[in-house]
Amino acid sequence: MGSFGNMERDLENMRECFRQGRTKEATWRKSQLKGLLTLMKEKEQDIFKALQEDLGKHYIEAFRDEIGTVTKSLNTALESLKGWMSGRKAKLPKIALLSTAEIVPEPLGLVLIFSSWNFPFGLSLEPLIGAIAAGNAVVLKPSELSPACASVLANNLPRYLDRKAVKVFQGGQAVGEELLQHKWDKIFFTGSARVGRLIMSAAAKHLTPVTLELGGKCPVVVDSLPSSWEAKANFNLNNDVMVICLFDFFPTANQKVAVKRVLVGKFGACAGQACIAVDYVLAEKNFAPTLVELMKVTIKEMFGENPKETSSISRIINKGHFLRLKNLLKDPKVEASIVHGGSLDEDNLFIEPTILVDPPLEAAIMTEEIFGPLLPIITLEKIEDSVQFINSRSKALAIYCFTKNKSFERRMVSDTSSGSILFNDVIIQYIADTLPFGGVGESGTGRYHGKFSFDTFSHERAIGRRSLLTDFWFRFPPWNIHKLLL
Ligand code: NAD
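Residues numbered from 1 in each chain as written. Predicted model: local features only at pLDDT ≥ 70, side-chain atom pairs only at ≥ 80, totals over all residues. Heavy atoms only, no water.

Here we take up helix α2 (residues 26-42). For α2, which comprises 17 residues, the first-to-last C-alpha distance of 24 Å matches the rise-based estimate of 24 Å (1.5 Å per residue) to within 8%. When we look at burial in α2, the residues that qualify are Trp28, Arg29, Gln32, Leu33, Gly35, Leu36, Leu37, Leu39 and Met40. On its buried face, α2 is in contact with α3 (44-55), α4 (59-85), β2 (99-107), α5 (122-133), α6 (147-160) and α16 (451-456). (Helix = DSSP H or I, 4+ residues; strand = E, 2+ residues; numbered from the N terminus. Expected span 1.5 Å × (residues − 1). Buried < 20%, exposed > 50% of the residue type's maximum accessible area, 1.4 Å probe, protein only. Contact = heavy atoms within 4.5 Å.)

A separate point is the side chain of Gln32. With respect to the element layout, Gln32 can be found in helix α2. You can call Gln32 buried: its relative accessible area is 6%. Filtering out sequence-adjacent residues up to four positions away, Gln32 remains in contact with Ile132, Leu161 and Asp162.

This part takes up unusual backbone geometry. Across the junction of Pro477 and Pro478, the peptide omega takes the value 0°, indicating a cis bond. Backbone geometry at Leu98 places phi at a positive 55°, although glycine is not the residue there. With respect to the element layout, Leu98 can be found in the loop between β1 (88-90) and β2. Phi angles above zero are rare outside glycine, and Asn424 is one such case at about 65°. Note that Asn424 resides in the loop between β18 (418-423) and β19 (444-445). Since its relative accessible area comes to 27%, Asn424 is described here as partly exposed.

Moving on, we come to the site of the ligand. Taken together, 28 residues are adjacent to the ligand, and Lys141, Glu144, Ser192, Leu214 and Glu369 come closest. Here an oxygen atom of the ligand sits 2.9 Å away from a polar atom, N or O, in the side chain of Trp117. Within the complex, the protein chains bury 93% of what would otherwise be the 850 Å² of accessible surface of the ligand. Of all elements in the fold, only α7 (173-180), β6 (186-190) and α8 (193-205) reach the threshold of two or more residues within the shell around the ligand. At 4 residues, the largest contribution of residues to the shell around the ligand is made by α7. Residues of the shell around the ligand, tallied by class, amount to 13 nonpolar, 10 polar and 5 charged. (Near = heavy atom within 4 Å. Polar contact = N/O pair within 3.5 Å; in protein donor to acceptor, adjacent residues only side chain to side chain. Areas by Shrake-Rupley, 256 points an atom, 1.4 Å probe, with all protein chains shown as cover. Nonpolar A, V, L, I, M, F, W, Y, C, P; charged D, E, K, R; others polar.)

What follows covers the sheet that holds strand β7 (residues 210-213). Across the sheet, which stays open at both edges, the 6 strands sit in the order β5-β4-β3-β6-β7-β19 with mixed pairing between neighbours. Unpaired on one side and paired on the other, β5 (166-168) and β19 mark the two borders of the sheet. As judged from the 4 bridges shared by β6 and β7, these two strands associate in the parallel manner. When the sheet's bridge partners are listed, Phe188 is paired in β7 with Thr211. Here α8 sits on the sheet and contacts β3 (110-114), β6 and β7; the angle it forms with β7, its principal contact strand, is near 180°. (Pairing = 2+ DSSP bridges. Axes fitted to C-alpha atoms, helices over the stretch in contact; angles between N-to-C directions.)

Let us look at α5. Relative to the 16 Å expected for 12 residues at 1.5 Å per residue, α5 spans 16 Å between its end C-alpha atoms, a close match to the ideal helical length. Burial analysis of α5 places 12 of its 12 residues in the buried class, which makes it a mostly covered element. If you check which residues of α5 are buried, you get Gly122, Leu123, Ser124, Leu125, Glu126, Pro127, Leu128, Ile129, Gly130, Ala131, Ile132 and Ala133. Just downstream of α5, Gly135 is the residue with a positive phi angle, here 90°.

Now for the sheet that holds β2. The strand order across the open sheet formed by 3 strands is β1-β2-β20, and the pairing between neighbours is antiparallel. In the strand order of this sheet, the two ends are held by β1 and β20 (458-466), each with one partner. Strand-to-strand, the axes of this sheet are offset by a mean angle of 30°, without reference to chain direction.

Before going further, it helps to spend a moment on the pattern of salt bridges. Opposite charge on two side chains lets them pair, provided their charged atoms get close. Per the counting criterion, the structure on display carries 24 salt bridges. The partner of Glu102 in a salt bridge is Arg465, and the shortest N-O contact between them spans 2.9 Å. Residue Glu102 is located in strand β2, and its partner Arg465 is located in strand β20; the two are separated by 363 residues in the primary sequence. For Glu102, a relative accessible area of 23% gives the class partly exposed. For the salt bridge of Asp425 with Arg261, the shortest nitrogen-to-oxygen distance reads 4.0 Å. With Asp425 in the loop between β18 and β19 and Arg261 in helix α9 (residues 253-264), this residue pair connects regions lying 164 residues apart in the sequence. Because the salt bridges share partners, they merge into one network encompassing Glu8, Glu12, Arg15, Glu16 and Arg19. (Salt bridge = Lys/Arg side-chain N within 4 Å of Asp/Glu carboxyl O.)

Now for the pairing of strand β8 (residues 219-222). Two faces, one strand: in a regular strand the side chains alternate between the faces of the sheet. Side chains of β8 alternate between two faces, with Pro219 and Val221 and Val220 and Val222 buried alike. The pairing of β8 with strand β11 (residues 280-284) spans 4 bridges and is classified as parallel. Along β11, the bridge assignment pairs Pro219 with Tyr280. Direction of pairing for β8 relative to strand β17 (residues 396-402): parallel, over a ladder of 3 bridges. Looking at the pairing, Val222 lines up with Phe402 of β17.

Here it is, written out as C-alpha cells:
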C-alpha cells in the first residue's frame, strides 16, 4: 500500500502479536517498562547530545523536562502497575439479586502515537509508557523537525524493547498521512490544532478513539503582590536608631518570586516553544511599569548582559519557525511596543528574550500561539478584567495566576475554563502524575500522565456475574396486572 510498501505487513504482524496475547501479560509490560528505564540510563548522553543538536537545549533543562520526568513516570508506572491492572468491584442494582460485578481494564490493541519536536523524548515516551503499561502494541511517529532525537528513538527503542510489539516510523507529513490510512485502535496525537483536525477526520473512518494534545495561548495573570497598602514591618538600623517603617513600597520578595517563575515559564521552557509555556501576561496598568522593571533585572540575572552568549536558553527549532516569529515582531505597531530585547540572529536561530507592552490585540502576536521567546504584557484597568479577557478567547491548555487574593482565586476557578489552572507557579502541573494533563475545547481532548495515561490506553470493561437461583417475577412477560393483586 502507498509508498511505504511494508507498512501494512508490519502492522499486520503487530496486530497478530497483540492477538496472541503477549503484550497483555503483566510480565511483558514490566519488562518493557524496565527496558525503557535502562535505555534512559544507558543512552543519557546520546539524549543530551540530540537535544543539544536539535534545539540547543541545556543539559539541565533536558534533564529537568525530559530525562528526569520520563524516569519518574517510569518508576511510578512500575510501582503502580499491579494496582492499575487489577479490576475494581462494582454493585449491580437489586433487580439483579445474587450477583457480583467488576470493572476490568483491558488493552485496546494496536495504537498509534504522534509526537511533537519541542520535547521530543518526553512527548514520545510519556504516552508510550501509558500504552505499554496498558498492554498495547504501539507505533510511534516522532516529529521530523527534531531529526537527531527521532533517530535516537528509532535506533534504540528496538534494542531495548520488544520489536515485534513496539515500532518507530520516522518521517514527516507523508509518513503521517500513510499511517492514518490504516486502522488503529487508538490514536494519541500531540501537535497543532490544524493537524489535529486531520487526525480526527481520519480516525472517524474507523471510529477510532483519539486523544488530542494541542496548544493555544496560555495566559498568566499577575496581580500586584502584595497589594501596595499591605502593611509589612521593616526594621532598619539608621544612625543607631531603630526605624520601623510600616509600609513597604519596594518590590517585595513575592513579586520577585512571581516574576522569576513567569519568566522561566516562557524563556526557560524550550525558549517558549512549549504548549504550556506562558504565552502572554495580563497585569494592571498601574503595576505594569514595576513588572517590566523587575522582568528586565531578572532576565539579566538569568541570561547575563549578552543573552546571545548564554547556553541557558534553547534555540528556535528551524528557519521556518524563526521567520514565523520574526514576522510576529515585524508589524510596526508590534515593534513599537517592544520594551526589552527584540534582537534576532538568524544564523544561530536565536531570539533574545523580548518583552512587549500592549501590542495591538488584533496583531498576529495576540491572535496566534506565539511558541517562542516573545512575551507580551497586556494591561488592564483592574485585575478582575482578566476573567473577561480570558473568556473572550479559546479555552487555554493552562491558565496561570499569581495572586494572594483568595476571592479572585475562587473567581478564576469558577468563571474560567482551561485544561489546568495553577496559582502562583507555572508548568509544574505537567510533572504531576497525580493530575490529569490535557486540554479542553480547542486546546485538546483527552488526558494522560500517571494512571490517567494507563486509562487513556485501556478500555474499562464492565463484567457482571449472576446466580441462576432466583429472579423477580415482574422482570418477564406476560405482565399480568392480576399477579399484583394476588
Ligand atoms: P504538527 O501538528 O505540525 O506536527 C505534529 C505531528 O504530526 C508530527 O509528528 C508531524 O510529523 C505530524 N504531521 C504533520 N502533518 C501531518 C499530516 N498532514 N498528516 C499526518 N501527520 C502529520 O505540530 P508541531 O509543530 O510538532 O507542534 C506544535 C504544536 O503542538 C503547537 O500548537 C503546540 O502547542 C502543540 N503541542 C502540544 C503539546 C501538548 O502536550 N498539549 C505538546 C507539545 C506541542
